[in-house]
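# Structural features, examined
Chain by chain, the residues:
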Amino acid sequence: MSEVFEGYERQYCELSANLSRKCNSASVIHDSEQKKQKLSEISSGIDEADVLIRKMDLEARSLQPGVKATLLAKLREYKADLNKLKKEFKRISSPNAHDELLESGMADVHSVSAEQRDRLSMSVERLNQSSDRIKESRRTVLETEELGISILEDLHQQRQTLLHAHNKLYDVDSAIDKSKKVLTTMSRRITKNKWIAGSVIVALVLAIVLILYYKISHR
C-alpha cells in the first residue's frame with residue numbers, strides 16, 4: 001500500500017464526513033445568509049475533495065498492477081460517494097429545497113436521511129480503516145527500527161571480535177618478528193663459529209705440515 005495514497009485517503013475520508021455533517025445542517029437552516037455561507041463552505045469542500053480524488057487516481061495509476069487494481073476499485077467507491085455529496089449539495093442549494101423537505105416529510109430539524117446516515121457511517125468506517133492502516137504502518141516501522149538496532153548491535157559485537165582478533169594477530173606477528181631476529185642472530189653466530197673452527201683446523205693442519213716437514217728435512 002502506498003503511504004502517499006493513504007495520506008490522500010485519510011484526508012478525503014475526514015473531508016467527506018465533514019461535508020456530510022455540513023449538508024445535514026445546511027438542509028435545516030432557514031436564515032438565507034447563514035445558509036449561503038454554509039453552502040459556500042460545502043462548495044469549497046467539494047472542490048477540495050475533487051482535487052484529492054484526482055491525486056489518489058494519479059498515485060494509484062503510478063503503482064504496480066496488483067496494488068493499482070485494488071486502489072482503483074477503492075477509488076471508484078470514493079468517486080461514487082463524492083457524486084452523492086454533489087447531488088445532495090445540488091438538492092439543498094436549490095431555491096425550493098426547503099419546500100421539498102417539507103413535502104417529503106422531513107420538516108423535523110433534527111432528522112437525517114437514511115442515505116446521509118449511510119454515507120456518514122461509510123466515511124467514518126473508511127476513516128477508521130485508514131487509521132488502522134496507519135497504525136499498522138507505524139508498527140511495521142517500529143519493528144523495522146528494532147530490527148535495525150539489533151543488526152547494528154550485532155555488527156558492533158562482530159567489529160569488537162574482529163578488533164580483538166586483529167590485536168591477537170598483531171601480537172603473534174610481533175612474536176614471529178622476534179623469533180626471526182633470534183634465529184638470524186643464532187645463524188650469524190653459527191656462521192661465525194664455523195669460520196673460527198675452520199680457521200683453527202687450517203692452522204692445525206699447517207702446523208702439522210710444518211712439523212712433518214721439519215722432521216723430514218733434518219734426518
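None of the values given here were measured: they were computed from a predicted structure. (Residues numbered from 1 in each chain as written. Predicted model: local features only at pLDDT ≥ 70, side-chain atom pairs only at ≥ 80, totals over all residues. Heavy atoms only, no water.)

### Re the overall build of the chain
Secondary structure assignment for the chain yields 5 helices and 0 strands. Secondary structure elements of the chain occur, N-terminal to C-terminal, as α-α-α-α-α. Expressed as a percentage of its 219 residues, the buried residues of the chain come to 24%. For the chain, the exposed area adds up to about 15900 Å²; of that, 59% sits on carbon and sulfur atoms. (Helix = DSSP H or I, 4+ residues; strand = E, 2+ residues; numbered from the N terminus. Buried < 20%, exposed > 50% of the residue type's maximum accessible area, 1.4 Å probe, protein only. Areas by Shrake-Rupley, 256 points an atom, 1.4 Å probe, with all protein chains shown as cover.)

### Some thoughts on the packing of helix H2 (residues 32–61) against helix H3 (residues 65–92)
Where H2 meets H3, the closest approach of the two axes is 10 Å, and the angle between their N-to-C directions is 165 degrees. One element, H2, and the other, H3, form an angle in the roughly antiparallel class. The hand of the H2/H3 crossing is left-handed. Contacts between H2 and H3 pair Lys 35, Leu 39, Ile 42, Ser 43, Ile 46, Ala 49, Asp 50, Ile 53, Met 56, Asp 57, Ala 60 and Arg 61 from the former with Lys 68, Leu 71, Leu 72, Leu 75, Tyr 78, Lys 79, Leu 82, Leu 85, Lys 86, Phe 89 and Ile 92 from the latter. Of the residues assigned to the contact of H2 with H3, the class counts are 15 nonpolar, 1 polar and 7 charged. (Axes fitted to C-alpha atoms, helices over the stretch in contact; angles between N-to-C directions. Parallel < 35°, antiparallel > 145°, perpendicular 65-115°, else oblique. Left-handed = near helix turned anticlockwise from the far one by under 90°. Contact = heavy atoms within 4.5 Å. Nonpolar A, V, L, I, M, F, W, Y, C, P; charged D, E, K, R; others polar.)

### Here we look at the packing of aromatic side chains
Summed over the entire model, instances satisfying the criterion amount to 1 aromatic pair. Taken together, a centroid distance of 5.2 Å and an interplanar angle of 50 degrees make the contact between Tyr 12 and Tyr 78 tilted. Separated by 66 residues along the polypeptide, Tyr 12 in helix H1 (residues 3–26) and Tyr 78 in helix H3 bring together distant segments of the chain. For the pair shown, Tyr 12 and Tyr 78 are each scored as buried. (Phe/Tyr/Trp six-rings, centres within 6.5 Å; stacked < 30°, edge-to-face > 60°.)

### Some points on the nonpolar core
Ranked by internal contacts, the top residues of the largest apolar core, which has 23 residues, are Tyr 12, Ile 42, Ile 53, Met 56, Tyr 78 and Leu 82. Secondary structure elements with two or more residues in this core: H1, H2 and H3. Setting aside its immediate chain neighbours within four residues, Met 56 contacts Phe 5, Tyr 8, Glu 9, Tyr 12, Leu 75 and Tyr 78. (Core = buried A, V, L, I, M, F, W, Y, C linked by side-chain atoms within 4.5 Å.)

### As for the pattern of salt bridges
When charged atoms on two side chains of opposite charge get close, those side chains can pair. Across all of its chains, the model carries 8 salt bridges by this definition. A salt bridge links Glu 41 to Lys 22; the nearest nitrogen and oxygen atoms lie 3.6 Å apart. Of this pair, Glu 41 sits in helix H2 while Lys 22 sits in helix H1, and the two are 19 residues apart along the sequence. Its relative accessible area of 31% is what places Glu 41 among the partly exposed residues. Residues joined by salt bridges that share partners form a network here, namely Lys 22, Lys 38 and Glu 41. (Salt bridge = Lys/Arg side-chain N within 4 Å of Asp/Glu carboxyl O.)

### Concerning H2
Counted at 1.5 Å a residue, the expected span for H2 with its 30 residues is 44 Å, and the 43 Å between its end C-alpha atoms agrees. Where H2 begins, the side chain of Asp 31 points an oxygen toward the backbone nitrogen of Glu 33, at a separation of 3.2 Å. (Expected span 1.5 Å × (residues − 1). Polar contact = N/O pair within 3.5 Å; in protein donor to acceptor, adjacent residues only side chain to side chain.)

### Remarks on the UniProt feature "transmembrane region" (unreviewed entry) in the chain
Under the feature "transmembrane region" (unreviewed entry), the UniProt entry names residues 195–214. Span residues 195–214 is 100% helix and 0% strand, its end C-alpha atoms 28 Å apart. (UniProt positions renumbered as here; feature names shortened; annotations may be inferred.)

### Re a nonpolar patch on the surface
A contiguous nonpolar surface patch, about 400 Å² in accessible area, is contributed by Leu 147, Ile 151, Leu 152 and Leu 155. Within the secondary structure, Leu 152 is located in helix H5 (residues 114–217). We classify Leu 152 as exposed; its relative accessible area is 59%. (Patch = residues over 30% accessible without salt bridge, like charges linked within 9 Å, V, L, I, M, F, W, Y side chains within 5 Å.)

### Side note on the confidence of the model for the chain
Mean pLDDT for the chain: 80, with 80% of residues reaching 70 or above. Scored below 50 in pLDDT, residues 99–112 makes 13 contacts in the model with residues more than four places away or belonging to other chains. (pLDDT = per-residue confidence, 0-100.)

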